[in-house]
Every structure is written in structure tokens, then in C-alpha cells.
Amino acid sequence: MFTRQSASLVEKIIRSQIPTLNRIANRRTLLPRTNVPPLLSLQTASISTTDCCYAKSKDKKKEKGKKPAKVEINETLLRDIINFDSVNAQMQKAVQQMKEDFIKHLSLRSTTGAIDTLRVIVDGTEHELQELAQISRKNPKTIVVNMIAFPQTIPDVLKALEKSGMNLNPQQDGTTLFIPIPKVTKEHRENLSKNAKNLFIKYRDSIKDIQNNCIKKVKKQTDISKDDVFAVQTQVTAIADKYISEAEKILQVKQKELLGDS
């Protein structure tokens with residue numbers, strides 16, 4: 001490889017030979033008496049070191065396309081510093097809860113089971129609808145919700161049905177709600193797909209909250225080295241990313257099912 005040092009050495013050698021070469025060029029025995037320009041000048045002898053070839057640096061664009069290095073999980077280290085089993089279980093529970101919500105609330109056909117477990121908030125407390133009402137199927141196209149036991153909760157139930165994402169339009173007759181099962185239209189499918197995405201975001205954020213709370217607690221501990229804090233932070237983030245990736249795959253499968261994609 002032609003380096004700056006090599007260029008400098010060559011330049012010195014050429015400079016030292018210029019006077020001799022010019023004398024030879026101007027000898028009377030070889031050339032007539034004319035002003036012959038020197039064969040070489042300092043201008044032609046100088047060598048630009050900027051033209052030298054150097055080893056090329058790595059292409060940064062290619063590096064950007066590379067996948068991040070896999071993080072090795074050191075469970076022994078994590079158990080020494082955090083409640084590893086608890087953090088892992090909480091994240092796992094969030095994914096499982098999302099699966100259950102998909103099954104209960106994102107069916108193409110509204111089922112009695114989905115209505116049974118519908119969450120209703122009454123005076124700040126969450127209840128399942130089956131705790132407040134008797135639920136039955138009048139015919140294949142209608143679900144009946146008898147609210148005679150807790151008629152005062154009917155407004156809360158109607159609100160929960162409206163926000164359920166199941167495209168339900170209940171009709172009230174006294175203390176009884178009649179819920180027609182909606183037809184499976186393209187609009188209904190798209191609404192269900194959007195609701196699936198919203199549920200995913202809810203549980204993804206829940207996992208990130210677990211991750212951030214864990215890291216905050218570790219950073220507050222004064223008896224842990226900076227290296228260990230960094231290691232825990234990196235590994236807990238990797239664990240959270242794993243569960244979020246799992247939840248995202250479940251979302252993609254569910255959306256294909258709801259939209260009817262092959």
C-alpha cells in the first residue's frame with residue numbers, strides 16, 4: 001500500500017536529481033541554443049499524497065442492516081439482583097392475558113361465552129357481566145341478558161357492550177337486554193382487526209412498564225457496580241423484547257384470521 005511516508009521519500013529522491021537532469025538537457029552538444037524548459041520542475045516532481053490508496057472503511061449502510069447481537073441471559077446474575085422469576089412471570093402473564101382477550105372479545109361471531117366474561121366497571125370496581133346478569137341465547141341470532149338482579153348497573157353494562165369492539169347493538173326492554181349477533185361484514189372484520197391492534201398495544205405497554213420499573217429499582221441500589229447495572233438493564237430489556245415479539249406474532253395471526261387473509 002502506497003503510504004504518505006513512501007510518497008515523501010520518493011519526492012525527496014526526485015528533488016535531489018532535478019539539477020543534474022536539467023544540466024544534461026541544456027548541454028550545447030545535444031541541443032541548440034534555445035531556451036529549453038527544464039525537463040522537470042518542482043511542480044511536476046511533487047506528488048500529491050491525497051492520491052494515495054488507503055484501506056477502505058466498512059460500509060456503514062451494510063452495518064445498519066445487520067441484526068443486533070443476541071443478548072445472553074445470565075439468570076444467576078439476574079436472580080442475585082432482581083426478582084427474576086416475578087418479572088418473567090409478569091411479562092408472560094401479559095402475553096397470556098392478551099391471548100385470552102383475543103379469544104373472548106375478537107370472535108367473528110359473538111358468542112355467549114364472550115358476553116359472559118365481558119368486563120363491566122361499576123362504581124370503580126370491575127365485574128364480569130355474568131356476575132351481574134343471567135345470560136342465555138334466545139335463538140342462533142340473539143343473546144338475552146336478564147338484568148333483573150342488578151338493574152341499577154344497566155347503564156354500565158350498555159357502556160361496556162358499546163366499548164367491547166364486538167360491534168354489538170343491544171336493545172333494552174325493561175330489565176332485559178336483547179343483543180342481535182351482527183353479520184360478518186368487511187367493516188366488522190376491519191373493526192375487529194383494529195381492536196386486536198389496540199389490545200396488543202395495551203399489553204405491549206404493560207410489558208414495557210414492567211421492564212422500566214425493574215430497571216429503575218436496580219439503578220436506585222447503591223451496592224451494585226455500574227457494569228452489573230448495565231448488564232441487568234440490557235438483559236431485562238432483551239427479555240421484554242422477546243415477549244413483545246411473541247405478542248406481535250400472535251397479533252399478526254389473529255389479524256389474518258379476522259380479515260380473512262390466506
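Residues numbered from 1 in each chain as written. Predicted model: local features only at pLDDT ≥ 70, side-chain atom pairs only at ≥ 80, totals over all residues. Heavy atoms only, no water.

- Per an unreviewed UniProt entry, the chain goes by the name Ribosome-recycling factor, mitochondrial and belongs to Musca domestica.
- The chain has a UniProt comment under Sequence similarities (unreviewed entry) that states "Belongs to the RRF family." (UniProt positions renumbered as here; feature names shortened; annotations may be inferred.)

Here we look at the pattern of salt bridges
(1) Moving on: In the structure shown here, the tally under the stated rule is 6 salt bridges.
(2) Moving on: Of the charged contacts, one joins arginine 79 and aspartate 85 as a salt bridge, the two residues approaching to 2.8 Å between their closest N and O atoms.
(3) Moving on: Taken together, the shared-partner salt bridges connect Glu75, Arg79 and Asp85 into one network. (Salt bridge = Lys/Arg side-chain N within 4 Å of Asp/Glu carboxyl O.)

Here we look at the packing of helix α5 (residues 84-105) against helix α9 (residues 186-220)
(1) Moving on: Between α5 and α9, the shortest axis-to-axis distance is 10 Å and the interhelical angle comes to 170°. In terms of axis orientation, α5 runs roughly antiparallel to α9. Contacts from Val87, Gln90, Met91, Ala94, Val95, Gln97, Met98, Asp101, Phe102 and His105 in α5 reach Leu192, Ala196, Leu199, Phe200, Tyr203, Ser206, Ile207, Ile210, Gln211 and Cys214 in α9.
(2) Moving on: Partitioning the contact of α5 with α9 into residue classes produces 14 nonpolar, 5 polar and 1 charged. (Axes fitted to C-alpha atoms, helices over the stretch in contact; angles between N-to-C directions. Helix = DSSP H or I, 4+ residues; strand = E, 2+ residues; numbered from the N terminus. Parallel < 35°, antiparallel > 145°, perpendicular 65-115°, else oblique. Contact = heavy atoms within 4.5 Å. Nonpolar A, V, L, I, M, F, W, Y, C, P; charged D, E, K, R; others polar.)

Considerations on the packing of α9 against helix α10 (residues 226-259)
(1) Moving on: Contact geometry for α9 and α10: axes closest at 10 Å, N-to-C directions at 170°. By the angle between their axes, α9 is roughly antiparallel relative to α10.
(2) Moving on: Split into classes, the residues belonging to the contact of α9 with α10 amount to 17 nonpolar, 5 polar and 8 charged.

Considerations on the side chain of threonine 153
(1) Moving on: With respect to the secondary-structure elements, threonine 153 resides in the loop between β4 (142-146) and α8 (154-162).
(2) Moving on: For threonine 153, a relative accessible area of 3% translates into the label buried.
(3) Moving on: Reaching out from threonine 153, the side chain makes a polar contact with the backbone oxygen of phenylalanine 150 at a distance of 2.7 Å.
(4) Moving on: Those residues within four positions of threonine 153 in sequence are excluded, and the remaining contacts are Val122, Leu132 and Met147. (Buried < 20%, exposed > 50% of the residue type's maximum accessible area, 1.4 Å probe, protein only. Polar contact = N/O pair within 3.5 Å; in protein donor to acceptor, adjacent residues only side chain to side chain.)

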